[in-house]
Structure formats: structure tokens, C-alpha cells
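Architecture at a glance
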Amino acid sequence: MDKNREFHTVRGYQLLDQNHRLLTPAMEDYLEMIYRNILLEGYMRVNTLADLLNVRPSSATKMVQKLTQLGLLKYEKYGIILLTEQGKNIGTFLLKRHHIIEKFLENIGISDNILVETELIEHNVSKSTLRCIDMLNEFFNVHPHLIDEFESFKLKHSSTNEL
Ligand code: CO
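A brief report on the enclosed structure follows. (Residues numbered from 1 in each chain as written. Predicted model: local features only at pLDDT ≥ 70, side-chain atom pairs only at ≥ 80, totals over all residues. Heavy atoms only, no water.)

Re the coordination of the cobalt ion
For the cobalt ion, the protein coordination sphere consists of E32 (OE), E32 (OE), H98 (ND1), E119 (OE), E122 (OE) and E122 (OE), at 2.2 to 2.7 Å. Given six donor atoms and angles of 52 to 152 degrees at the metal, the environment of the cobalt ion is assigned as irregular. Each donor residue of the cobalt ion lies on the same chain, and together they follow the pattern E-x65-H-x20-E-x2-E. A residue pair is termed long-range when its members are at least 10 positions apart, and H98 in helix α5 (residues 85-107) and E122 in helix α6 (residues 114-122) qualify at 24 residues. According to the relative accessible area criterion, H98 is buried, its value standing at 1%. Under the relative-accessibility criterion, E122 is labelled buried at 0%. (Donors = N, O, S within 2.8 Å, 3.2 Å for Na, K, Ca; no water. Tetrahedral: all angles 85-135°; square planar, octahedral: opposite > 155°, others 65-115°. Helix = DSSP H or I, 4+ residues; strand = E, 2+ residues; numbered from the N terminus. Buried < 20%, exposed > 50% of the residue type's maximum accessible area, 1.4 Å probe, protein only.)

This is the structure in C-alpha cells:
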């Protein structure tokens, strides 16, 4: 069976991803961006996609064709991109993953380059770690004073931290 046809759900995708990555980080970035725009506008255009990701339209077209072959996108006339059910499932997961990592960084007091930091981490985190981080976010949400305590702990120890 074609390896690309093995996944139909987010769970399937993630299971496959832990051992042998099906989507490259770049593919994930494209899919996440397409998903974001489709939530806002209902569709994505190749030129908009290229602008948003700071790539040439020809590179965006190539990647869109690859993702279409994987069964994740519907690439229609006039440069209009839509998601298949599978594409939607994975897009949902990718955006959720992004928000979990971003929230975690926010919770531990990161404010500089939070977007870049999130992008660096998100592509490599395992599903079990992600689940744990999500739970930690929820823990901080239920006990917000612990965020403040951690902040003062950080201030107190910043001079002795060797890193
Ligand atoms: Co992201």
C-alpha cells in the first residue's frame, strides 16, 4: 500500500510521524498557514500563501502540488486552494499544536521572539510530550498564582543560573 494513503485521521498521522515523518517541517508550515487562512476566508490563494510564508509563488505552487498529491489539498482553478477532510484534520492538529507550544512559552514568561521559538519547537515535539505540555498549560490555567510564583522564582535565581 502507498505509504501516503495510510493516514486518514490526525491520530494516524501522528503515529506515523513519530517513527518516520510523513510531512516535512516545511509541509507542516504550509498546511498550518493554509488552514489558518481557510478558517478566516474559507479558501487560500497561491499568491497570498507565498506572501504569508515569504516564498516565491513558484515555490508555493510546487509545494501545493505535493500536498495535493498527498490528498491533503484540493487545488482548483484560478489559484484557489481548499482542504480535503484529511487536510482539515491535520490542519486542525497543527494549529492546536502551535497554540499549545505558544501558550507554554507564554506561561514560562517568554516574550521575545515567541513566534520563532514556537516554530522551532513545534515540528519536533512528540505527541506524548505535547499532551503533557497541554496539561501543564491547563494546570497553570487552574492555578494562575503559580505563574507569578514562577516569575519571582526566576527573578531570584537569574543571577545564579549558569546557562
Ligand atoms: Co506554527
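Some remarks on the nonpolar core
Across soluble globular proteins, nonpolar side chains show a tendency to be buried alongside one another. Judged by nonpolar contacts, the single largest core of 34 residues is most densely connected at L23, L31, I34, L49, L67, L73 and I81. Among the elements of the structure, α2 (25-41), α3 (46-53), α4 (57-69), β3 (80-83), α5 and α7 (127-142) are those that each provide at least two residues to this core. Ranked by the residues each element gives to this core, the list is headed by α5, at eight residues. If you count residues domain by domain, this core takes at least three from each of domain 1 (11-84) and domain 2 (90-157). Beyond its immediate chain neighbours, meaning those up to four positions away, L73 contacts L31, I34, V64, L67, T68, I81, L82, L83 and T84. (Core = buried A, V, L, I, M, F, W, Y, C linked by side-chain atoms within 4.5 Å. Domains from an automatic or database assignment. Contact = heavy atoms within 4.5 Å.)

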